[in-house]
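# Fold and geometry: a report
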Amino acid sequence: EQYGKQDVLVATDCLYISQSVYPLFETANELLEKTGLFLFVNSYPWVCPTEMVLDIATEFGFVSSDDELWYHDDDREKRKNPVHVFRRRKEV
């Protein structure tokens, strides 16, 4: 509360157990502005599968599009370690 809401949050290499996915998005939900971006890299998908991450993100109203995945040049062809760009689902 002291620093207010943030426009951009970055999380990388922070999920070492699957039980930490929910608290990560709970925290992002609290800290992020309604129009903010949450940039996330899951370098350990064998520990926390991407589908699990995406499902929990959806529970908190976040969406990520495959069209917005960012890759380091060395990882682009292998489609390895993408940066997921999460936004809040737009209200209709």
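Above this text sits the structure in question.
One structure accompanies this document, and this report is about it. (Residues numbered from 1 in each chain as written. Predicted model: local features only at pLDDT ≥ 70, side-chain atom pairs only at ≥ 80, totals over all residues. Heavy atoms only, no water.)

### Quick look at the nonpolar core
Heads up, the rule is: The definition of a nonpolar core used throughout is a set of buried Ala, Val, Leu, Ile, Met, Phe, Trp, Tyr and Cys residues joined through side-chain atoms within 4.5 Å. Under the scheme applied here, a residue whose accessible area is under 20% of the maximum for its type counts as buried, over 50% as exposed, and between as partly exposed, the area being computed with a 1.4 Å probe on protein chains only. Strands are runs of DSSP state E lasting at least 2 residues, helices are runs of H or I lasting at least 4, and numbering of each runs from the N terminus. The contact criterion used is simple: two residues touch if any of their non-hydrogen atoms lie within 4.5 Å.
Counting 17 residues, the largest nonpolar core has Phe25, Phe38, Phe40, Val53, Phe62 and Phe86 as its most contacted members. Among the secondary structure elements, those contributing two or more residues to this core are strand E1 (6-12), helix H1 (21-31), strand E2 (32-41) and helix H2 (50-59). With four residues, the top contributor of residues to this core is H1. Not counting residues up to four positions away in its chain, the partners in contact with Phe25 are Phe38, Val53, Ile56, Ala57, Phe60, Phe62 and Phe86.

### Focus: the side chain of Arg88
Defined as follows: The positive count covers Lys and Arg only, the negative count covers Asp and Glu only, and His and the chain ends enter neither. A pairing counts as a salt bridge when a side-chain nitrogen of Lys or Arg comes within 4 Å of a carboxyl oxygen of Asp or Glu. We define a polar contact as two N or O atoms separated by no more than 3.5 Å, with the added condition that, inside protein, one atom must be a possible hydrogen donor and the other a possible acceptor, whereas residues neighbouring each other in sequence contribute only through side-chain atom pairs.
Relative to the helices and strands, Arg88 resides in strand E4 (residues 83-88). Buried charge without a partner: Arg88 forms no salt bridge, and the closest opposite charge is Glu33, 7.8 Å away. Here the side chain of Arg88 touches Asn29 through a polar contact of 2.7 Å, side chain to side chain. What Arg88 contacts, discounting residues up to four positions off in sequence, is Ala28, Asn29, Leu32, Glu33, Lys34, Phe60, Gly61 and Phe62.

### With respect to the environment of Val41
With respect to the helices and strands, Val41 occurs in strand E2. Taking the C-alpha atoms as reference points, Val41 and Val85, 44 residues apart in sequence, are found 9.1 Å from one another. Residues within four places of Val41 in sequence aside, it is in contact with Ala11, Thr12, Asp13, Asn81, Pro82 and Val83.

### A short note on the sheet that holds E2
In plain terms, the rule: We call two strands paired when DSSP finds no fewer than two bridges between them. An axis is simply a line fitted to the C-alpha atoms; with a helix, the fit covers only the stretch in contact. Between two such axes, the angle follows the N-to-C directions and lies from 0 to 180 degrees.
Reading across from one edge, E1-E2-E4-E3 is the order of the four strands in this open sheet, with mixed pairing throughout. Here the strands that pair on one side only, and so sit at the sheet edges, are E1 and strand E3 (62-64). Taken over all neighbouring pairs, the strand axes of this sheet differ in orientation by 25° on average, direction set aside. The pairing of E1 with E2 spans six bridges and is classified as parallel. Counterpart to Thr12 in the pairing with E2 is Val41. Across the sheet, H1 touches E1, E2, E3 and E4, and the angle it forms with E2 is around 145°. Strands in contact with H2 are E2, E3 and E4; relative to E4, the strand with the most contacts, it is inclined by about 15°.

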